[in-house]
Amino acid sequence: MDVIVIETPQLGDRSYLVHDGQEGLVIDAQRDIDRIEEAAGRAEVGIALVAETHIHNDYLTGGLALAQKHGTPYLVNAADEVSFERTPISDGHTIRVGRLTVKAVATPGHTHHHLSYVVTHGDDEAVFSGGSVLYGSVGRTDLLGEEHAEHLTRDQWNSARRLGDEASERAALYPTHGFGSFCSSGPATGADESTLGEQFSTNHVYTDSDQLHFVRELLANLTAYPNYYVHMQPTNAAGPSEPDLEIPDPLTAQELTARLDAGEWVVDLRHRVAYAADHLHGTVSFEYGDGGSFTTFLGWVFPYGSQLTLVGSRDGVEKAIRDLSRIGIDSPDAVLGEDPRGLAPSAQISSYPRVDWPSLLADRPEGEAILDVRRIEEFQTSHIDGAVNIPLHELLVRLDEVPPGRLWVHCGSGYRAGVGASLLEREGRDVVHIDGNFDDAAGAGLPMVG
C-alpha cells in the first residue's frame, strides 16, 4: 500500500491517493482535481474509487467531478442528504479496491455523519480520519451550529475511542484537516505524520479521560472561523462541478476604470509594499502568496455573489483563480499587469504611508487612533494599550465604530493590516499601514496590555 499526499497549504488540508500499485482510492479530493489526476499518472495507477469522509465545511469537494470523470463509484455516507447520485456507504461496510480492503467507521463529531476509513493490505494499515482525530487535536464541532456543538463534542470524544478499537496502534494516521485549517480545534501539533498509537499518548482527545472536562475545554477554546464556510456545506451537498481554471480575456483599461468608478470589488495581488506606494484608487490589497492568507482572508471578507476582478501578473492571477475555486469563488475577471498607471491611465492613483513599530511610537500624533484588526482572541491575549480592536472580517459591517481621524492600522504580521488599510482607504478614510510583526511591538517600546 502506498499513500500519496496531495497538500493544499492554502487551506490547511490534505487529500489522499491510496493505491496498491495498480488501482487507487482517492479520499477527500479538493475541487481542482487535475492535481490528483497528475499524481495518479505519475504513479501509473488508475482511479478506481473516490470517497468522502464528510460533507466539508471549509472547501468545495472535487470528489463528485472526479468520480464522474473516471466512471468510478463515489462513496458518501448513506445518511447524508445530497442532490446527486452516490454509492451510499455506512458504518461497518467494507469494499475492495484492487488488493486494498477499505472499511468505513462511523466517527461523528466534526459532522453528524462523519466517516473514517481503515485501509488494509496485508500487514499494512492506515486510518483516514478526515475531521475526526487530527495530529494532536480533533476537528472542530461547532460548524453545524452552536445548538449541536456540545452533543457533537461528546461524539468526537467517543469517536476517537471507536477508532482506537477499529485499528491497531501501528496504523498510520492520515487526517484531512489540521495543517492550518480553521476546521481544527485545540492544540494541533503541525506534525507531518503520525500513527494512531502516537496520538494515544499525545492527543488531548485521548489523554483527557474525563469526557465532560474535554467537552468544556474544547468548547471554551473554539474561535472564529471564516464567513465563507456558510457556503461550503450546501454547495457540497448539491455537488460541485469541476472548476474552469483558465484565465479569462483581460479587461480593457476602460472596463477596469468603469468597475472602479462603480465601486466593484477589484483586488490588487501585488505585494503590500508595492501597493501602499502606488495603486489604483478603489482597489483592495490582497497580496497573493502561496500560503493561506490570500484565500482565507479574501473569502472571509468578500461578499459572495459579487463580481470579482483580479489585477496582477499572469502567474499570480492564474494561481489566485485556482485557489479561489476551492472556496466557490468562480470565474473572476482579470487584468494582467502590475503598473497601475499603465492599466488604467484615466483612473485616480492613490498611496498611503507604510511604517514600522518605532515609527508608530515616534510619529503618531496624540489622539490619532491605533486600529488592531486581529481576531478578538489575539487582542485579548495581548494588545497595545489604547488600541481599538475591530477584526478584519468584521471591519466592513462595523465601519460606524471605526474612530474618526487618521488611523494607524496593524495586525499580527502586516498582511491583514494591509487589507484593512486598503478597505478603509476605499471608504474614504486616511490610513497608515503598520507593517510589522506584532511580537516586535513591545521591544520597540509600545505600551502593552497582557
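Presented here is an overview of the structure given in this document. Just so it is clear, the model here is predicted, and its values are computed rather than measured.

Rules of the game
Residues numbered from 1 in each chain as written. Predicted model: local features only at pLDDT ≥ 70, side-chain atom pairs only at ≥ 80, totals over all residues. Heavy atoms only, no water. Axes fitted to C-alpha atoms, helices over the stretch in contact; angles between N-to-C directions. Helix = DSSP H or I, 4+ residues; strand = E, 2+ residues; numbered from the N terminus. Parallel < 35°, antiparallel > 145°, perpendicular 65-115°, else oblique. Left-handed = near helix turned anticlockwise from the far one by under 90°. Contact = heavy atoms within 4.5 Å. Nonpolar A, V, L, I, M, F, W, Y, C, P; charged D, E, K, R; others polar. Salt bridge = Lys/Arg side-chain N within 4 Å of Asp/Glu carboxyl O. Buried < 20%, exposed > 50% of the residue type's maximum accessible area, 1.4 Å probe, protein only. Expected span 1.5 Å × (residues − 1). Bend = angle between axes of the 7 residues up to and from the residue. Pairing = 2+ DSSP bridges. Core = buried A, V, L, I, M, F, W, Y, C linked by side-chain atoms within 4.5 Å. Phe/Tyr/Trp six-rings, centres within 6.5 Å; stacked < 30°, edge-to-face > 60°.

### Let's talk about the packing of helix H3 (residues 146-166) against helix H6 (residues 211-220)
- It is at 9 Å that the axes of H3 and H6 come closest, and there the two elements cross at 125 degrees. Considered as vectors, H3 and H6 are oriented oblique to each other. At the point where H3 passes H6, the crossing takes the right-handed sense. Between H3 and H6, the contacting residues are Ala 149, Glu 150, Thr 153, Arg 154, Trp 157 and Asn 158 on the first element and Gln 211, Phe 214, Val 215, Leu 218 and Leu 219 on the second.
- Residues of the contact of H3 with H6, tallied by class, amount to six nonpolar, three polar and two charged.

### Focus on the pattern of salt bridges
- Under the definition given, this model contains 31 salt bridges.
- Lys 69 is paired through a salt bridge with Glu 242; the nearest N and O atoms lie 3.6 Å apart. Taken together, the residues Lys 69 in helix H2 (residues 63-70) and Glu 242 in the loop between helix H7 (229-238) and helix H8 (253-261) connect sequence positions 173 residues apart.
- Here Lys 69 falls in the partly exposed class, since its relative accessible area comes to 47%.

### What about H3?
- The end-to-end C-alpha distance of H3, which contains 21 residues, comes to 30 Å, matching closely the 30 Å that a straight helix rising 1.5 Å per residue would cover.
- The largest bend in H3 is about 25 degrees, located at Leu 152.
- Along H3, the residues classified as buried are Ala 149, Leu 152, Thr 153, Asp 155, Gln 156, Trp 157, Ser 159, Ala 160 and Leu 163.

### As for unusual backbone geometry
- Notably, Asp 28 is not glycine yet its phi reads approximately 55 degrees, a positive angle.
- With relative accessibility at 0%, the residue Asp 28 sits in the buried group.
- Positive phi, normally seen in glycine, also occurs at Glu 44, with a value near 60 degrees.
- One can find Glu 44 in the loop between helix H1 (34-43) and strand S4 (46-51).

### Examining the pairing of strand S9 (residues 115-121)
- In terms of burial, S9 is largely enclosed, as five of its seven residues are buried.
- In terms of strand pairing, strand S8 (residues 100-106) meets S9 through six bridges, oriented antiparallel. The partner of Val 102 across the bridge, within S9, is Val 119.
- Strand direction decides the pairing type here: S9 and strand S10 (residues 124-130), joined by five bridges, are antiparallel. Paired with Val 119 across the strands is Ala 126, a residue of S10.
- Counted along the chain from S9 to the antiparallel partner S10, the turn is two residues long, and its residue Gly 122 has a positive phi close to 65 degrees.

### Here we look at the sheet that holds strand S19 (residues 333-336)
- Taken in spatial order, the four strands of this open sheet run S17-S15-S18-S19, and their pairing is parallel. Only two strands of the sheet have a single partner each, and these edge strands are strand S17 (284-285) and S19.
- H8 rests against strand S15 (265-268), strand S18 (308-312) and S19 of the sheet, and its axis sits at about 115 degrees to S15.

### Some remarks on the nonpolar core
- Of all hydrophobic cores here, the largest spans 51 residues; its most connected members are Trp 265, Phe 286, Phe 294, Leu 298, Leu 308 and Leu 310.
- Take this core: its biggest share by element is six residues, from helix H15 (residues 415-426).
- Among residues more than four places away in sequence, those in contact with Phe 286 are Trp 265, Val 267, Asp 268, Leu 269, Phe 294, Phe 297, Leu 298, Val 301, Tyr 415 and Val 419.
- Judged by nonpolar contacts, the second largest core, of 40 residues, contains Leu 75, Val 118, Tyr 174 and Leu 222.

### Notes on the environment of Gly 164
- Tracing the backbone shows Gly 164 in helix H3.
- The sequence separation of Gly 164 and Gly 197 amounts to 33 residues, and the corresponding C-alpha distance is 8.4 Å.
- In this view, Gly 164 contacts Leu 196, Phe 200 and Tyr 206; residues no more than four positions away in its chain are not counted.

### Re the sheet that holds strand S21 (residues 354-355)
- Strand order in the open sheet made by the five strands is S21-S26-S25-S22-S24, with parallel pairing throughout. With partners counted over all chains shown, the strands left at the sheet margins are S21 and strand S24 (388-389), one partner each.
- Looking at chain direction, S21 and strand S26 (residues 431-434) are connected through two bridges and run parallel. Bridged to Val 355 within S26 is Ile 434.
- Relative to the sheet, H15 contacts strand S22 (369-372), strand S25 (407-410) and S26, its axis offset from that of S26 by approximately 175 degrees.

### Notes on the packing of helix H10 (residues 293-301) against helix H11 (residues 314-325)
- The N-to-C vectors of H10 and H11 enclose an angle of 60 degrees; their axes lie 10 Å apart at closest approach. With respect to H11, the element H10 is oriented oblique. Both H10 and H11 take part in a crossing whose hand is right-handed. Here H10 contributes Phe 294, Thr 295 and Leu 298 to the contact with H11, which in turn contributes Ala 320, Asp 323 and Leu 324.
- Taken together, the residues of the contact of H10 with H11 break down into four nonpolar, one polar and one charged.

### A word on the packing of aromatic side chains
- Under the defined criterion, the tally for this structure stands at 17 aromatic pairs.
- Ring plane angle 70 degrees and centroid distance 5.2 Å describe the contact between Tyr 228 and Tyr 229, whose orientation is recorded as edge-to-face.
- When the centroid spacing of 6.5 Å and the interplanar angle of 35 degrees are considered together, the rings of Trp 265 and Phe 286 count as tilted. One end of the pair, Trp 265, is in strand S15; the other, Phe 286, is in the loop between S17 and H10, and 21 residues separate them in sequence.

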